[in-house]
Amino acid sequence: MSLATTRNGIPVDAPVAPPKVVRQRRTRPGLLGLAVLLIALGGLGAAFAVTSVRATGSYLAVARPVEVGRTLTADDLVSVQVSGGAGLSPVPAKKLDEVVGKRAAVSLVPGSLLTMGQLTDAPLLGQGQQQIALGLEPSKVPARKLHPGDKVLLVSTPDQNTDEQPSGTRFTGTVIDAVAPDNDDVVVYLALAVRDVPAVVVLAAQDRIALVLTEAA
């Protein structure tokens, strides 16, 4: 095809430039699949966020230190709002009445969430044990305050009315509770084997017994 033009007033034929062909970009299947995947992941993320918000609830947390073996009171606990909590099994705040009165099976730290695995209904006295109370001079007990669950060793001391120095008799026990007045004997409540109770009572009456801490709770 040609187009008539003029040159110096004389008509001449000139070629017509062919039209430009615009190439269409080919859609890559891989990129399309990636886009679909990203959209799907975005939807799952939004669904997870909504689920996490819905999982927010009121749970029980420890408000102050609770020693091993001590009975929980309402003042030991506080209700907190927790979102998510995957992998945890905290006690819901609505179960406060169910946990008050139970004993701590482990030391409870303020600020931590409370779980049922940290509590127990088991008696502090095991099978074949009895509880006794000993009033001991402060010099015959460990310097640190005794806590429920501490393992102790009771050792007999020499009789001051004899020159014989027999080897000390030993008894193992577990602390149930301890009271340490400022200017008085330390009162220690112990769980002992039934067979050891008579001998320990006699030694305590003679003021011939000392207490050694062997394992802290």
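Computed from a predicted model, the values in this text were never measured in an experiment.

Criteria and thresholds
- Residue numbers restart at each chain and count upward from 1, following the sequence in its written direction.
- Per-residue local features of the predicted model are confined to residues with pLDDT of at least 70, and side-chain atom pairs are confined, for both listing and counting, to 80 or more; whole-chain, interface and lining totals are unaffected and use all residues.
- Side-chain metrics rest on all non-hydrogen atoms present in the structure, leaving aside hydrogens and water.
- Strands here are runs of E lasting at least two residues and helices are runs of H or I lasting at least four, both read from the DSSP assignment and numbered beginning at the N terminus.
- A 1.4 Å probe rolled over the protein chains alone gives each residue an accessible area, and that area as a share of the maximum for its type sets the label: buried under 20%, exposed over 50%, partly exposed in between.
- Whether two residues are in contact is decided by their heavy atoms: any pair within 4.5 Å suffices.
- For the accessible areas, the method is Shrake-Rupley and the probe is 1.4 Å, while residue cover comes only from the protein chains on display.
- Salt bridges are identified by distance alone: a Lys or Arg side-chain nitrogen within 4 Å of an Asp or Glu carboxyl oxygen.
- In plain words, nonpolar cores are sets of buried Ala, Val, Leu, Ile, Met, Phe, Trp, Tyr and Cys residues tied together by side-chain atoms within 4.5 Å.
- Strand pairing follows a simple DSSP-based rule, namely that at least 2 bridges must link the two strands.
- Fitted lines through C-alpha atoms give the axes, limited to the stretch in contact for helices. The angle between two N-to-C directions lies from 0 to 180 degrees.
- Counting rule applied: Lys, Arg positive; Asp, Glu negative; His and chain ends not counted.

Now for the overall build of the protein chain. A count of helical and extended segments in the protein chain gives three helices and eleven strands. Reading the secondary structure of the protein chain in the N-to-C direction produces β-β-α-β-β-α-β-β-β-β-β-β-α-β. Burial statistics for the protein chain: of 217 residues in total, 26% are counted as buried. The long-range fraction of contacts in the protein chain, counting pairs at least 24 apart against all pairs at least 6 apart in sequence, stands at 61%. Carbon together with sulfur atoms contributes 56% to the accessible area of the protein chain, which is approximately 14900 Å² in total.

Here we come to the pattern of salt bridges. Here the structure, examined in full by the defined rule, presents five salt bridges. Here K102 and D121 are joined by a salt bridge, their closest N and O atoms 2.7 Å apart. Highlighted residues: K102 in the loop between helix 2 (96-99) and strand 5 (103-104) and D121 in the loop between strand 6 (119-120) and strand 7 (129-136), separated in sequence by 19 residues. According to the relative accessible area criterion, K102 is buried, its value standing at 16%. Across the pair D196 and R195 runs a salt bridge whose closest N-O atoms are separated by 4.0 Å. Accessibility expressed as a relative area gives 70% for R195, which makes it exposed. Within this structure, R64, R70 and D76 form a network of salt bridges that share partners.

Right, let's talk about the side chain of Q118 for a bit. With respect to the element layout, Q118 can be found in the loop between strand 5 and strand 6. Discounting residues that sit within four places of it in the chain, Q118 has contacts with R103, A104, A105, V106, L108 and L113.

Quick look at the nonpolar core now. Among the nonpolar cores identified, the biggest contains 19 residues, and L154, L190, V200 and L211 are the most heavily contacted of them. Of all elements in the fold, only strand 7, strand 8 (151-156), strand 9 (170-179), strand 10 (186-193), helix 3 (197-205) and strand 11 (209-215) reach the threshold of two or more residues within this core. Take this core: its biggest share by element is four residues, from strand 10. If we skip the residues at most four places from it in the chain, L211 touches L136, K140, V141, P142, L146, V152, L153, L154, V188 and L190. Counting residues in hydrophobic clusters, the runner-up holds eleven residues, among them L60, V91, L108 and L114.

Strands sit in the order 7-10-9-8-11 across an open sheet of five strands; the sheet is antiparallel. Strands with a single pairing partner mark the edges of an open sheet, and in this sheet they are strand 7 and strand 11. In this sheet, adjacent strand axes meet at a mean angle of 40° when their direction is disregarded. Sheet strands in contact with helix 3 are strand 7, strand 8, strand 9, strand 10 and strand 11, and its direction is about 10° off that of strand 7.

Moving on, we come to the environment of T71. By the element assignment, T71 lies in the loop between strand 3 (57-62) and strand 4 (77-82). With near-sequence residues (within four places) excluded, T71 lies in contact with D76, G101, K102 and R103.

Before going further, it helps to examine the side chain of R103. Within the secondary structure, R103 sits in strand 5. Put simply, R103 is tucked away with no salt bridge, and the nearest opposite charge, on D121, sits 6.5 Å away. Ignoring sequence-local partners within four residues, the contact set of R103 consists of G69, R70, T71, Q118, L119, T120, D121, A122, P123 and L124.

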